Amino acid sequence: MTSSQRHEPAKPRGQLTVRISAMPADTNANGDIFGGWVMARMDQAGGIAGVERAQGRVVTVAVEAMTFIRPMGVGDVLEVYTEVFHVGRTSMKIHVEAWAQRFRSTLRELVTQATFAFVAIDEEGKPRPVPPLPEAVTAPSGS
């Protein structure tokens, strides 16, 4: 099955937000990188993008379904890309993609993707307004 048959994007969508090497301590008993480790880096990247858009503190409130397409191995570099595509009054949706640059290679493969929802909060933890997007951004297909 080719990548186009899986409807995999040809290249990452959004802005590179986090880049980190997968290490042996991040593996399960089979030697694959924990899915939770990947998801945590995605949440971190989404939070960075959310803070930039909201110009302040944000919290994760939801993650849409996530399917892991390919495993990551030790030495692979995880690249997480983000794109804010919807802003409500106090919340925003951020498309997050995780790509693996394979160890000792220039090959990049999509590992997983999801939509993360964040809410901007003030110092007391109460929702606060998010500045609107400067232009319309459409939701990623399948989100």
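Rules of the game
Residues numbered from 1 in each chain as written. Predicted model: local features only at pLDDT ≥ 70, side-chain atom pairs only at ≥ 80, totals over all residues. Heavy atoms only, no water. Helix = DSSP H or I, 4+ residues; strand = E, 2+ residues; numbered from the N terminus. Expected span 1.5 Å × (residues − 1). Buried < 20%, exposed > 50% of the residue type's maximum accessible area, 1.4 Å probe, protein only. Contact = heavy atoms within 4.5 Å. Salt bridge = Lys/Arg side-chain N within 4 Å of Asp/Glu carboxyl O. Core = buried A, V, L, I, M, F, W, Y, C linked by side-chain atoms within 4.5 Å.

A. Expanded view of helix H1 (residues 35-54). Helix length check: H1 (20 residues) gives 28 Å between terminal C-alpha atoms against 28 Å at 1.5 Å per residue, within 8%. What H1 keeps buried is the set Trp37, Val38, Arg41, Met42, Ala45, Gly46, Gly47, Ala49, Gly50, Arg53 and Ala54. Check the buried side of H1 and you find it contacts strand E1 (15-21), strand E2 (58-63), strand E3 (77-87), strand E4 (91-101) and strand E5 (108-120). Positive phi appears at Gln55, one or two residues downstream of H1, with a value of about 60°.

B. Broad picture of the pattern of salt bridges. Summed over all chains, the structure comprises six salt bridges. Of the charged contacts, one joins Arg70 and Glu109 as a salt bridge, the two residues approaching to 3.4 Å between their closest N and O atoms. Of this pair, Arg70 sits in the loop between E2 and E3 while Glu109 sits in strand E5, placing them 39 residues apart in sequence. Taken individually, Arg70 and Glu109 each receive the classification buried, so the pair is uniform in this respect. Between Arg102 and Asp76 there is a salt bridge, with the nearest N and O atoms lying 2.6 Å from each other. With Arg102 in the loop between E4 and E5 and Asp76 in the loop between E2 and E3, this pair connects stretches of sequence that are 26 residues apart. The residues Arg102 and Asp76 share a single accessibility class, namely buried.

C. Structural view of the nonpolar core. Val38, Met42, Met72 and Met92 are the most contacted members of the largest nonpolar core, which has 27 residues in total. Top contributing element to this core by residue count: H1, with six residues.

D. Structural view of the environment of Asp122. With respect to the helices and strands, Asp122 occurs in the segment after E5. The contacts of Asp122, once residues within four sequence positions are left out, are Arg57 and Arg128.

E. View of the environment of Ser21. Counting through the fold element by element, Ser21 comes out in strand E1. Along the primary structure Ser21 and Phe103 are separated by 82 residues, whereas in three dimensions their C-alpha atoms are 9.2 Å apart. What Ser21 contacts, discounting residues up to four positions off in sequence, is Asp26, Trp37, Asp76 and Val77.

Without other data, these values stay purely geometric and don't point to any function.
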